[in-house]
Amino acid sequence: MWQVRGHDPLLRQLDKSIKEGRYAHSYLLVGPPQVGKGTLAINMAQAVNCLSPEQAPCGQCSQCRRIASTQHADVLVIGVGRGEDDGPSRKEIGIGDVREIERQASLNPYEGSHRVFIFDGAERMSEEAANALLKTLEEPPPQVMIILLTSQEGALLPTILSRCRRLELKPLPFSEIAKELVETHSMDREDAEMLARLSLGCPGWAISAAGDPSIMEKRKEELERISELSVSGLEERFSYASDLGSLFYKDRDGARDILRLWLRWWRDLLLIKEGAEEYIHNVDWSDVLRLRAAELSTAQVVAFIKVILTTLEALDHNANARLALEVMALSLPGERTGG
Amino acid sequence: MKLSCLQENLSRGLATVGRAVATRTTLPITQNVLLSTDRSMLKLSATNLEIAITTWIGAMVEEEGSITVPARLLTEFVASLPSERIDVSMAPGSKSLSLTCSRSEAHVNGTDVDEFPPIPTVESGLAAKIDPQAFKTAISQVVFAAATEESRPVLTGVKLELEGGKFTMAAADGFRLAVHNGELLEPVGEPINIILPARTLSEVNRLLGEQDTPVEMTMIPSKGQVLFRLNSIEIVSQLIQGTFPNYSQLIPQSYQTRSVTDLQELLRAARTASIFARDGSGIIRLQIMPGSDDQSESDEGQRSGKVVISARAEEMGDNQGEVDTFIEGDESKIAFNSKYLLEVLSVLERGEVVLETTTPSSPGVFRPIRGEKKWRERGVEERKPDETYVHVVMPMFVQWS
């Protein structure tokens with residue numbers, strides 16, 4: 001049984017090619033974060049190693065179980081922050097990782113029938129690492145499968161893209177995620193629907209938020225600050241920018257997530273302004289959103305959304321995080337006492 | 001689990017498997033060692049997913065059981081104990097191993113055996129038997145020539161071919177090639193052709209020690225693993241996939257100059273030259289010169305002469321040494337990297353070395369000499385090389401002034 005939710009046509013195709021032994025040796029899984037790429041990759045590793053090929057991946061045999069519990073010696077996940085010796089500050093998958101994989105790939109599988117290397121966040125590969133991988137990617141030794149996962153396909157080298165079979169995982173419909181949450185995580189309907197809406201079609205996020213209340217707790221805190229900042233003075237805005245700036249240097253993804261939260265807040269404001277309130281994501285904040293929306297003109301909302309997008313882009317291009325965020329905080333429409 | 005054993009046995013066993021304990025790893029449990037009772041023995045196993053080593057030590061087993069514990073912690077603790085009896089116990093259901101020796105006691109927290117990668121077993125397959133000391137010689141003559149850089153994984157391995165009653169071991173790194181031909185104790189049923197990681201053979205070499213009972217080697221080519229069975233030690237290694245370059249065509253079939261030299265004299269001169277070579281791109285030059293006068297015993301074109309070994313370091317200075325030799329053919333010049341020259345001279349065992357050269361830009365070939373006599377006492381026919389070993393080194397290009 002494939003554990004990935006949704007994506008049925010894609011799974012049917014994959015299932016068929018694995019059972020018939022006609023699968024590719026290098027795959028590229030494209031899709032937004034938490035949409036199920038990692039789960040699918042693990043499932044694929046199980047499928048090629050499974051001891052009962054008819055039901056592969058059966059999820060029951062020793063191979064499937066060892067892979068699922070990340071104990072399998074032949075299935076390796078390479079990603080940022082997972083490397084040896086490096087702390088969470090690792091920003092890229094380096095050439096050292098690729099060399100190690102080449103070495104391992106040249107050895108026969110240890111306990112399974114295939115070695116599977118999963119690059120989680122393949123866009124984080126340094127250019128030299130990517131180039132070093134090309135040879136193995138194009139013609140891996142027999143019994144080796146390489147799976148690249150990415151949410152930013154455009155950031156990969158064209159030479160990498162052309163060497164992989166591409167599978168795209170699209171966000172799932174809200175209803176499907178809500179159904180999944182109700183059925184397998186026994187949530188009540190209302191909470192499930194809200195999580196499904198917030199998940200942007202990515203079941204991984206919804207499931208982890210369902211299991212870990214601190215995720216929603218953190219979101220609430222961040223949204224409180226976002227909503228307050230619109231009515232606060234220069235001092236708070238500068239201190240917010242500086243906090244977020246220092247977070248960015250410690251945890252880029254965390255800071256980006258907060259900016260995306262900003263983006264969604266302002267998206268909701270725009271929807272309310274234009275009378276399409278039923279589509280907003282932050283349904284639990286609709287009262288506050290309505291209040292804020294009343295204070296702003298559509299033009300102001302659109303302008304600020306552009307500012308957020310520019311800020312995200314500037315950060316991706318290694319702008320000084322604090323300055324970029326200060327510019328954003330200053331462009332925030334609304335009251336600015338003392339300035 | 002409850003048993004007792006001697007400190008020195010446990011310590012030795014842990015040291016044996018210790019080399020297979022992973023150091024850098026993506027699977028943290030491979031830093032553990034697996035302890036399990038096996039009839040009246042204690043079995044220790046470790047694996048780094050490339051090599052797995054298992055050894056058995058004598059123990060009084062009262063209760064069976066198994067556990068994995070951090071290898072380094074256990075090894076260091078046991079090594080620090082006095083040479084006395086150690087009582088090892090683990091309560092059923094617990095994951096803490098208790099060790100008591102003399103007046104020391106320790107508790108080591110372990111992890112379930114299920115999480116440990118399975119130690120590969122090779123039940124049956126193609127088997128071969130090799131004399132341990134002959135195998136050690138073969139390993140030490142070949143393994144150093146394997147590549148250490150991983151840009152071509154096959155070259156980090158050693159090619160092992162078994163056919164009939166013979167085995168051939170070969171390694172190459174793009175600049176040199178070492179090939180050893182040896183004899184098996186019993187002919188193999190079908191030919192075997194594998195590439196082993198160089199590290200595996202180094203470990204086998206180390207663990208063989210003074211052993212005099214034959215090494216058993218078993219292979220299951222389909223699983224890509226090979227098992228070496230030594231005295232109470234089993235080493236299972238993954239094989240390297242790929243095609244090893246066809247090395248036989250790299251061995252020059254002819255030569256213009258063949259010199260036979262006393263190995264120790266040549267080695268000493270090469271060591272001296274390497275001191276200067278160190279600061280001069282590592283180049284050692286060899287000039288092989290037939291004697292100038294006709295007093296040379298010119299039977300079948302062979303005559304005495306000398307090898308001039310020199311090295312030069314710009315701005316530092318230079319040196320030059322001479323060694324007597326016996327030459328067949330013309331005068332010749334060749335330059336080698338000092339590391340390559342010293343390494344091959346160091347693994348040749350017998351008293352004389354044969355060097356075959358053609359031009360300064362074609363590879364030099366080193367071979368041991370057949371038989372035990374001193375070269376000065378040899379007749380013409382006895383100055384032939386031994387076919388058991390051949391070492392080809394690419395020359396360095398230098399300006400010969």
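Note that this is a predicted model, so its numbers are computed, not measured. Sequence order as written defines the numbering, with residues in each chain counted from 1. Going through the entries in the order they are written, you letter the chains from A and number the ligands from 1. Per-residue local features of the predicted model are confined to residues with pLDDT of at least 70, and side-chain atom pairs are confined, for both listing and counting, to 80 or more; whole-chain, interface and lining totals are unaffected and use all residues. Only heavy atoms go into the side-chain values, all of them from the structure, while hydrogens and water stay out.

1. As for the interface of chain A and chain B
Taken residue by residue, the interface counts 22 residues in chain A and 26 residues in chain B. Between chain A and chain B, roughly 2,000 Å² of surface is buried when both sides are summed, and carbon and sulfur atoms account for 46% of that area. Each salt bridge in this description consists of a side-chain nitrogen of Lys or Arg and a carboxyl oxygen of Asp or Glu lying within 4 Å of one another. At the junction of chain A with chain B, the criterion picks out one salt bridge. Measuring nitrogen to oxygen at the nearest pair gives 2.2 Å for the salt bridge that ties Arg103 of chain A to Glu50 of chain B. Polar contacts here mean pairs of N or O atoms no more than 3.5 Å apart (in protein, one a potential hydrogen donor and the other a potential acceptor; neighbouring residues in sequence count only if both atoms are side-chain atoms). In this structure, the connection of chain A to chain B is made through twelve residue pairs in polar contact (both at pLDDT 80 or more). Each helix is a run of H or I in the DSSP string that is no shorter than four residues. Each strand is a run of E no shorter than two, and both are numbered from the N terminus. Ranked by the residues each element gives to the side of chain A that touches chain B, the list is headed by helix H4 (residues 95–106) of chain A, at five residues. Polar here means any residue outside two lists: the nonpolar Ala, Val, Leu, Ile, Met, Phe, Trp, Tyr, Cys and Pro, and the charged Asp, Glu, Lys and Arg; Gly therefore counts as polar. Split by residue class, the side of chain A that touches chain B holds eight nonpolar, six polar and eight charged. Contacts: residue pairs with any heavy atoms within 4.5 Å of one another. Buried area counts how much accessible surface, traced with a 1.4 Å probe, disappears from two parts once they are put together, with both parts' losses summed.

2. Concerning the packing of helix H5 (residues 263–277) of chain B against helix H6 (residues 338–347) of chain B
Residue and element names in this part refer to chain B. Direction vectors running N to C along H5 and H6 enclose 155°, while the axes themselves pass 10 Å from each other. Taken together, the axes of H5 and H6 are roughly antiparallel relative to one another. In this structure, H5 meets H6 at a crossing whose hand is left-handed. Residue-level contacts link Leu263, Leu266, Leu267, Ala270, Arg271, Ser274 and Ala277 of H5 to Ser338, Leu341, Leu342, Leu345 and Ser346 of H6. For the contact of H5 with H6, the per-class residue count stands at eight nonpolar, three polar and one charged. Lines are fitted to the C-alpha atoms to define the axes, a helix being fitted only along its stretch in contact, and any angle between axes, read from their N-to-C directions, falls within 0 to 180 degrees. Reported orientations rely on four angle classes, namely roughly parallel under 35 degrees, roughly antiparallel over 145, roughly perpendicular from 65 to 115, and oblique for the rest. Should the near helix be turned counterclockwise from the far one by less than a right angle, the crossing is left-handed, whereas a clockwise turn marks it as right-handed.

3. Quick word on the domain arrangement of chain B
By a widespread convention, an interface's size corresponds to the accessible area lost as its parts come together. Residues and elements named next belong to chain B. As assigned here, chain B comprises domain 1 (2–115), domain 2 (126–246) and domain 3 (251–393). Distance between the C-alpha centres of domain 2 and domain 3: 29 Å. Facing 14 residues of domain 2, the contacting portion of domain 3 comprises 15 residues. Contact with domain 3 buries surface across domain 2, with Gln141, Arg176 and Leu177 losing the most and accounting together for 45% of the total. If you look at where domain 2 meets domain 3, you find one salt bridge. With a closest N to O distance of 2.5 Å, Arg176 and Glu343 form a salt bridge. At the boundary of domain 2 and domain 3, one finds seven residue pairs in polar contact (both at pLDDT 80 or more). When residues of the side of domain 2 that touches domain 3 are traced back to their parent elements, those giving at least two are helix H3 (132–142) and strand E13 (176–183). At six residues, the largest contribution of residues to the side of domain 2 that touches domain 3 is made by E13. Broken down by class, the residue content of the side of domain 2 that touches domain 3 amounts to seven nonpolar, five polar and two charged. Per the annotation, domain bounds derive from an automatic or database assignment of domains.

4. Description of the pattern of salt bridges
One pass over the full model with this rule turns up 39 salt bridges over all chains. A salt bridge links Asp15 of chain A to Lys19 of chain A; its shortest N-O distance comes to 3.1 Å. Taken together, the positions of Asp15 of chain A and Lys19 of chain A, both in helix H1 (residues 8–19) and four residues apart, correspond to about one turn of that helix. Residue classification places Lys19 of chain A among the partly exposed residues on the basis of a relative accessible area of 38%. Ionic contacts of the salt-bridge type, sharing partners, join the residues Arg258, Glu328, Glu356, Arg367 and Glu387 of chain B into one network. Each residue's exposure class comes from its accessible area (1.4 Å probe, protein chains only) as a fraction of the maximum for that residue type: buried when under 20%, exposed when over 50%, partly exposed otherwise.

5. Remarks on the nonpolar core
Residue types Ala, Val, Leu, Ile, Met, Phe, Trp, Tyr and Cys, when buried and joined through side-chain atoms within 4.5 Å, form a set referred to as a nonpolar core. Counting 97 residues, the largest nonpolar core has Leu10, Leu99, Phe135, Met169, Phe228 and Leu345 of chain B as its most contacted members. With seven residues, H5 of chain B is the largest single contributor of residues to this core. If near-sequence neighbours (up to four positions away) are discounted, Leu10 of chain B is found in contact with Cys5, Leu42, Leu44, Ile57, Val78, Ile86 and Leu99 of chain B. The next biggest cluster of nonpolar side chains, apart from the first, holds 35 residues, and it includes Phe248, Leu269, Ala321 and Met328 of chain A.

6. A look at the sheet that holds strand E3 (residues 115–120) of chain A
Residues and elements named next belong to chain A. Strands pair, by our definition, only if DSSP identifies at least two bridges between them. Here we have five strands laid out as an open sheet, ordered E2-E3-E4-E1-E5, and parallel in their pairing. With one partner strand each, in any of the chains shown, strand E2 (75–79) and strand E5 (165–168) form the two edges of the open sheet. Between one strand and the next, the sheet's axes are offset by a mean angle of 20°, whatever the strand orientation. As paired elements, E3 and strand E4 (residues 144–150) share six bridges and run parallel to each other.

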